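The chain contents come next:
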Amino acid sequence: MKILIIGSGAREHALCWSVARSERVTEVFVAPGNGGTALMGGKVHNVPLKATALHDLLQFAKDKEIDLTVVGSEQPLELGIVDLFRAAQKLIVGPTKAAARLEASKLFSKEFMDRHGIPTAGYHVFRDAQGANSFIGQQETLYPLVIKASGLCAGKGVFIVSDKGEAQKVIRELFEDRIFGDAANEVVIEEFLQGQEASVFVLTDGLRYRLFLPAQDHKRIGDGDTGKNTGGMGAYAPASLVTPEVMQKVEERIILPTLQGMSEEGYPYTGFLYVGLMINQGEPFVVEYNARLGDPETQVVLPLLKSDFVAALLASVDGTLGDHPFEMHRKSATTVVMASGGYPDHYETGKQITIAEDLAAMEDCLLFHAGTACDGDQLVTAGGRVFSVTALGETLVESIERAYRVVEKISFDGAYYRKDIGKKAL
Ligand code: AMP
Ligand code: GLY
């Protein structure tokens, strides 16, 4: 069978790697892919189509007789790629446009959680600066506060403010300077949740679901969770803070009511659901939903999946997921993101990358590319996050040490990475 993966990050490289391992898969196409997927060779091919070129992607899927399409990133989902493919009778893993609002509209997701009693931070919604400012100025308003643009802002639409002055500045930027345009026509101001974050991923056919191992991301650029927010600088799994007791609460209070609620309201949720959690003294709260797998968490949860991924994906589109095995390796995985110097602000691209030859022989490690490209025979940097270096181990410590040994085998001018991925769990 032939599979099409949509996207270009390390998450999509990991998706390619995972589906290509399945014996029943004869060809994997990735649109647009990156330097790493280009170098995979064999049955994997890059296709020069943008993830948002929905009609071109559908035409490609028809022309190449693609059996199953898997969407990595959120933009095509918000644009309705799943609706488009389904109308053309092409199998695709992901939520419809209506269901993807769980990620694409924070307003929708907060109101949905309210309707279904799903634990999350208390919130208010504002449609103009005046209303927001009068709330910010109230004496009983407690800081810190979290201010969020409702629409998709590539992960940049969340501000944690510690006083009224900071809050007013953000409100001005959103409503007057319109830094996110229409994505901030609605602004959610919510309570700051204390605790530790974790990510839980679900594959669902609409009602039944399978769980991946819980993971923990590292969103800040600096060691010790300092500095700016990024797309994610590293992750590990399983995240021990999600104990079996916590996971049971997550299933009962969050996952089941989410799937049931979406179904009852007339837009059953299918595909991957990312539940971003804050866990405070064993009690889980939803920080956000995403309509896709996380990056870099995918680079640790997929290598820990023991069962055939493609079989599970197929079961999720034909509604037979409930009968399906979904087993995990009893190991740990860590991924360390190597970024371009300056990321998440300005950075340069086009730097030559050198990878030591003995890396290929290193056991239990997987080098997933993100922002890389092939310039003739030379691999060069082409983005902010450049690699996601994953290693497996019998223990978390072993996987961390191994991942950092691999990182040392890779060099490019200005390479930056956090030195403390996974440390929080030790
Ligand atoms: P989001 O895009 O909604 O995931 O927010 C990005 C990051 O902001 C999250 O991963 C959290 O670290 C932080 N965050 C968002 N909402 C809250 C909240 N209500 N309380 C505390 N931190 C939050
Ligand atoms: N790891 C954060 C995200 O994928 O949104």
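Residues numbered from 1 in each chain as written. Chains lettered and ligands numbered in written order. Predicted model: local features only at pLDDT ≥ 70, side-chain atom pairs only at ≥ 80, totals over all residues. Heavy atoms only, no water.

Chemist: How would you summarise the sheet that holds strand 11 (residues 209-211) if you had to cite specific residues and measurements?
Modeler: Judged by pairing direction, the sheet is antiparallel, and its 4 strands sit side by side in the order 11-10-16-17 without closing on themselves. Both edges of this open sheet fall to strand 11 and strand 17 (283-290), since each of them pairs with a single strand only. Strand after strand, the sheet turns through a mean of 35° between neighbouring axes, direction not considered. In this sheet, strand 11 lies alongside strand 10 (residues 196-204) in antiparallel orientation, the contact comprising 3 bridges. Following the sheet pairing, L203 is matched in strand 11 by R210. The strands touched by helix 10 (residues 244-264) within the sheet are strand 10, strand 11, strand 16 (271-280) and strand 17, with strand 17 carrying the most contacts at an inclination of about 45°. (Pairing = 2+ DSSP bridges. Helix = DSSP H or I, 4+ residues; strand = E, 2+ residues; numbered from the N terminus. Axes fitted to C-alpha atoms, helices over the stretch in contact; angles between N-to-C directions. Contact = heavy atoms within 4.5 Å.)

Chemist: Any details on the pairing of strand 1 (residues 2-7)? Residues and values, ideally.
Modeler: Taken across its 6 residues, strand 1 has 5 buried, putting it largely inside the fold. In terms of strand pairing, strand 1 meets strand 2 (residues 27-32) through 6 bridges, oriented parallel. From the neighbouring strand, L4 faces strand 2, where its bridge partner is F29. Following the chain from strand 1 across helix 1 (residues 10-20) to the adjacent parallel strand 2, one finds a crossover that is right-handed. With 4 bridges joining them, strand 1 and strand 4 (residues 68-71) adopt parallel strand pairing. In the sheet register, L4 faces strand 4, and the bridge partner there is T69. (Buried < 20%, exposed > 50% of the residue type's maximum accessible area, 1.4 Å probe, protein only. Right-handed = clockwise from strand over helix to strand, strands pointing away.)

Chemist: Any chance you could break down the site of ligand 1 for me, citing the residues and the numbers?
Modeler: The environment of ligand 1 is formed by 15 residues, the closest being E190, L193, E197, K219 and E288. A distance of 2.8 Å is found between an oxygen atom of ligand 1 and a side-chain nitrogen or oxygen belonging to K219. With respect to ligand 1, the side chain of E288 contributes an N or O atom lying 2.7 Å from an oxygen atom. For ligand 1, the protein covers 91% of the area, taking 470 Å² as the surface of the free molecule. Within the residue set of the shell around ligand 1, elements represented by two or more residues are strand 7 (145-149), strand 8 (158-161), strand 9 (187-191) and strand 17. For the shell around ligand 1, the per-class residue count stands at 8 nonpolar, no polar and 7 charged. (Near = heavy atom within 4 Å. Polar contact = N/O pair within 3.5 Å; in protein donor to acceptor, adjacent residues only side chain to side chain. Areas by Shrake-Rupley, 256 points an atom, 1.4 Å probe, with all protein chains shown as cover. Nonpolar A, V, L, I, M, F, W, Y, C, P; charged D, E, K, R; others polar.)

Chemist: Got a sec to walk through the side chain of R292? Specific residues and values, please.
Modeler: For R292, the position within the fold is in the loop between strand 17 and helix 11 (298-301). Judged by its relative accessible area of 12%, R292 is buried. One polar contact links R292 to E74, side chain to side chain, over a distance of 2.9 Å. When sequence neighbours within four positions are dropped, the list of residues in contact with R292 reads R11, G72, S73, E74, L77, E103, Y269, F272, L273 and Y274.

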